[in-house]
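Understanding the architecture of this molecule
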Amino acid sequence: MSGTVPFSQFVLKVHSRCDLACDHCYVYEHRDTSWSRKSRAVTDEVLERTAGRIGEHARTHRLPAVHVVLHGGEPLLAGPARLRRAAELLRAALPEWCALDLRIHTNGVLLSRRFCELFAEQGIKVGISLDGDRLANDRHRRFPDGRSSHAKVLAALSLLREPEFRHLYAGLLCTIDVANDPVAVYEALVAEQPPRIDFLLPHATWDHPPARPEGAGPTPYADWLLAIHRHWTERGRPVPVRIFDSVHRTLRGRSSLTESLGLDPADLVVVETDGTLEQADSLKTAYDGAPATGFDVFAHSLDEVARHPGMLERQSGLAGLAAECRACPVVRSCGGGLYAHRYRTGGGFDHPSVYCGDLLKLITTIRDRVSAPVAVPAAAGPSLTDRHLDELAHGLGGPEAVAALGRAQLGLCRRLVAAVGGPGSSPAWQLLVEADRTASGALDAVLAHPYARAWAVRCLQGDPRGDVGGLAELAAAAAARGRAEFELVLPVRAGWLHLPTLGRLRMDGRTEAVLRGDADGLSCGEHTVRWDRPGDHLWQPVRRVALPGWTVALEDTDPQRDSHQWAVADRLPDAELLDWTGALREAWELLGRDLPEYAAGLAAGLNTVTPLARGTDGRDISAAARQAYGAVGIARPTTAPVLALLLAHEFQHVKLGAVLDFHDLYDREDERLYHAPWRPDPRPLEGLLQGTYAHLAVAAYWASRVRAFDGIRGDAATAARLQLATWRAHTADAIETLAGSGSLTPLGQRFAAGMRTALAPALEVPVGASTEQAAKEAVAANLAAWQGTVGRR
């Protein structure tokens, strides 16, 4: 498959008919008529073969994730049983390392609680089509008998906003009609509290141009969108808008979030209800049969489809554009527009978009609007010295080395936040810049918060959890800390207005609110808050536990704290807060007494513990997050010693992740999987490195427990000796695997040598011959099981 891009996006048609008669629909109302010859509903045979083809493709190309949209027609017409079958088959067909992002796009008319319960069970996100308020929506989206669909769609959206289903809500898709008032359409969409809005240009070609109302000017679609862009920007960008975010990203040389902009190669294929494989659905607007490839899931692999000339053309980037496009100054942002919109009879797709003038005006106007001077990046200070790196290579890192890591991470976070919000002229960005100018320490306190970086990375990756409204939250928190006078519109999320590092304010029934601040405090409507004072039933501050030599936040308010792989706990009741405080105090005393070399660095770099929800199986749960330096997530264990172990273990991951942000320890081209003695599944090299580094602290912890039990008999002493024997054997084995991989850089080799030296004291602690033998047998059994798994691959 040399020279082609593997597919990672799949549109799976589960039903080919629709219960609405939208007159702008490209499937039924434009040039292509193939829908009338397709099976009404997808069969089990097609579903099984499609899942198999996608799984085969994922294995061939080692895809980390695939994105599948269940589509139609109207996919809900397929019914719950067929949709469940599709989800189960897709998930079962994928290799264990490949994640499934499964979504459904629907008009919402049939959405019911039964469907939502199914989607929650199967992890299916839901996107809804809505063109605005009733007047706007009813221009096109009606039932065949002319009835309005608006009320039923609003009922569906109300269902998705219920707490048990809110996580399924993927966003709204709105097809533009320039006869509608743009701001009224936008406000109607925002009122439905979507996590994302997508505005689509109506499908058109040079043969069948889009409607351009008389007297509307030469670029009515750009003018319509720009009216929304100004309104959206003035209100602090409270919700991500895909077309605007894509323009912002492509103007800065990053990837687009939509195939209608940018030069990213197309990686999407459509599976029709009869199993035929087609190019993008939008091509149905060009001519009858335009998306066809002649391939199907029964006779052809996806690699064969990827070599189809039409697919190759849509992956050719700049070289595949018309000469006029290649010479355009905004071509890397525009990308020639949507491929289907370039079509003209006789010349095929070798033309600019039929929306060329609109796209040029949209992109250049947005570019000019966001070209205000930028500040903010800065802050770094001295980088890691050779001595710092040596300390960290031995699994430790004293306060000075960890502080240097923190400064580097702060500088990185500043650059990421600037990449999201600046250069820009939004009120949030201007306030952020002003806060940096007048109280840079206040801004640093906010941007050093672990989840500031997590938010910025989500924004840049197009993750719906990272909406641009977070910039206003950061700016307001920094201004509040600096006691500046300001007024700013902030988003309200699930009834809460959030100020990172400070807390959250209850604001029921709102999607946004105006926050005002001055030297005396904050006010929002009738609410007045002093963020540095205790909370009440409306204001919930971030609570901190002050211990000798270490102060740590118990973060249970920040909306970005779900960055760890486990579910987060809700706001801690007072009794649970007291339990956490006591457990942290005991754990900290234990770390200071038994692992002082680890405790010193932890105090300098771990500023946040995020309580996680307890699992149902009683296991201890903890996690670090690569994009959240300074935080660990932990479900409070039953004993303080276990909490001490989890803190030391997870902070090892935090430190090494921060090192890897700036230093290569291994060859990133090495895609091999390695045996990790503590896991049944093979791990990539970074996963093995992370686990080994973290388990240095685990081995040191159990060594300290065995020393404490010296001369003592009993179950606890026996268990500690077995734990030490097991973990030091695991860690020693993993160090040698790393060292022998041939993929470590010179600095990575220093880390392997340092870890070997750091483990030596734990290896010298006597545990008894029988315990040592039991540990060796367990390690050998694990290795044999792993080798058997590899042999079956």
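This section reports on the structure supplied with the text. A quick note: this is a predicted structure, and the numbers were derived from the prediction, not measured. (Residues numbered from 1 in each chain as written. Predicted model: local features only at pLDDT ≥ 70, side-chain atom pairs only at ≥ 80, totals over all residues. Heavy atoms only, no water.)

**Things to note about the overall build of the protein**
- The helix and strand tally for the protein stands at 26 helices and 23 strands.
- By the compact-globule yardstick of 28 Å for 793 residues, the protein fits well, its C-alpha radius of gyration being 28 Å.
- For the C-alpha atoms alone, the extent of the protein along its principal axes is close to 90 × 70 × 50 Å.
- Burial analysis of the protein (793 residues in total) assigns 57% to the buried set.
- Here the analysis covers contacts within the protein between residues at least 6 apart in sequence; of these, 71% occur between residues at least 24 apart.
- As displayed, the protein offers around 31700 Å² of accessible surface, 52% of which is attributable to carbon and sulfur atoms.
- Looking at charge distribution, the protein has the averaged site of its 87 positive side-chain charges lying 1 Å from that of its 95 negative ones. (Helix = DSSP H or I, 4+ residues; strand = E, 2+ residues; numbered from the N terminus. Rg over C-alpha atoms; globule rule 2.2 N^0.38 Å. Buried < 20%, exposed > 50% of the residue type's maximum accessible area, 1.4 Å probe, protein only. Contact = heavy atoms within 4.5 Å. Areas by Shrake-Rupley, 256 points an atom, 1.4 Å probe, with all protein chains shown as cover. Lys, Arg positive; Asp, Glu negative; His and termini not counted. Charge placed at Lys NZ, Arg CZ, Asp CG, Glu CD.)

**Brief notes about the pattern of salt bridges**
- Applying the stated rule across the entire model yields 52 salt bridges.
- Across the pair Arg235 and Glu187 runs a salt bridge, and its minimum N-O distance is 4.0 Å. Of the two residues, Arg235 sits in the loop between helix H7 (220-234) and helix H8 (242-251) while Glu187 sits in helix H6 (residues 182-190), which places them 48 residues apart along the sequence.
- Accessibility expressed as a relative area gives 31% for Glu187, which makes it partly exposed.
- A salt bridge links Arg367 to Asp368, with the shortest nitrogen-to-oxygen separation between them at 3.2 Å.
- Judged by relative accessible area, Arg367 falls into the partly exposed class, the value being 36%.
- What emerges from the salt-bridge pattern is a single network uniting Lys13, Asp32, Lys38, Glu272, Asp274, Glu278, Asp281 and Lys284. (Salt bridge = Lys/Arg side-chain N within 4 Å of Asp/Glu carboxyl O.)

**Let's talk about the environment of Arg307**
- Take Arg307: it is sitting in the loop between helix H9 (302-306) and helix H10 (309-313).
- C-alpha separation for the pair Arg307 and Arg166, spaced 141 residues apart in sequence, amounts to 40 Å.

**Description of the sheet that holds strand E16 (residues 539-541)**
- Strand order in the open sheet made by the 7 strands is E15-E14-E13-E10-E11-E12-E16, with antiparallel pairing throughout. In this open sheet, the two strands that pair with only one neighbour each are strand E15 (527-529) and E16. Ignoring strand direction, the axes of neighbouring strands in this sheet form an average angle of 30 degrees.
- Sheet topology places strand E11 (residues 496-499) next to strand E12 (residues 503-506); 4 bridges connect them, and they run antiparallel. Among the inter-strand pairings, Leu499 is bridged to a residue of E12, identified as Gly503.
- Sitting on the sheet, helix H19 (residues 469-481) touches strand E10 (486-493), E11, strand E13 (512-518) and strand E14 (521-524), and the angle it makes with E10 is about 130 degrees. (Pairing = 2+ DSSP bridges. Axes fitted to C-alpha atoms, helices over the stretch in contact; angles between N-to-C directions.)

**Considerations on the packing of H6 against H7**
- Two elements in contact, H6 and H7, have axes separated by 8 Å at closest approach and are oriented at 55 degrees. Regarding the angle of H6 to H7, the classification is oblique. Handedness of the crossing formed by H6 with H7: right-handed. Counted together, Pro182, Val183, Val185, Tyr186 and Glu187 of H6 and Trp224, Ala227, Ile228, His231 and Trp232 of H7 form the full contact between these two elements.
- A breakdown of the residues in the contact of H6 with H7 according to their chemical character gives 8 nonpolar, 1 polar and 1 charged. (Parallel < 35°, antiparallel > 145°, perpendicular 65-115°, else oblique. Left-handed = near helix turned anticlockwise from the far one by under 90°. Nonpolar A, V, L, I, M, F, W, Y, C, P; charged D, E, K, R; others polar.)

**Topic: the pairing of strand E5 (residues 169-175)**
- Burial analysis of E5 places 7 of its 7 residues in the buried class, the great majority of the element.
- Pairing of strand E4 (residues 124-129) with E5, which is carried by 4 bridges, proceeds in the parallel orientation. Bridge pairing in E5 places Val126 opposite Tyr169.
- Of the strand pairs in this sheet, E5 and strand E6 (residues 197-200) are connected by 4 bridges, and their pairing is parallel. Residue pairing in the sheet places Leu173 in a bridge with Asp198 of E6.
- Handedness of the crossover is the feature at issue here: the chain leaves E5, passes through H6, returns alongside E6, and the resulting connection is right-handed. (Right-handed = clockwise from strand over helix to strand, strands pointing away.)

**Points about the environment of Asp570**
- Mapping Asp570 onto the fold places it in the loop between strand E18 (550-554) and helix H20 (574-594).
- Of the residues examined, Asp570 reaches a relative accessible area of 63% and is grouped as exposed.
- Spatially, the C-alpha atoms of Asp570 and Arg614 are 11 Å apart, while their sequence positions differ by 44 residues.
- Those residues in contact with Asp570 that sit more than four places away from it in its chain are Asp556 and Arg561.

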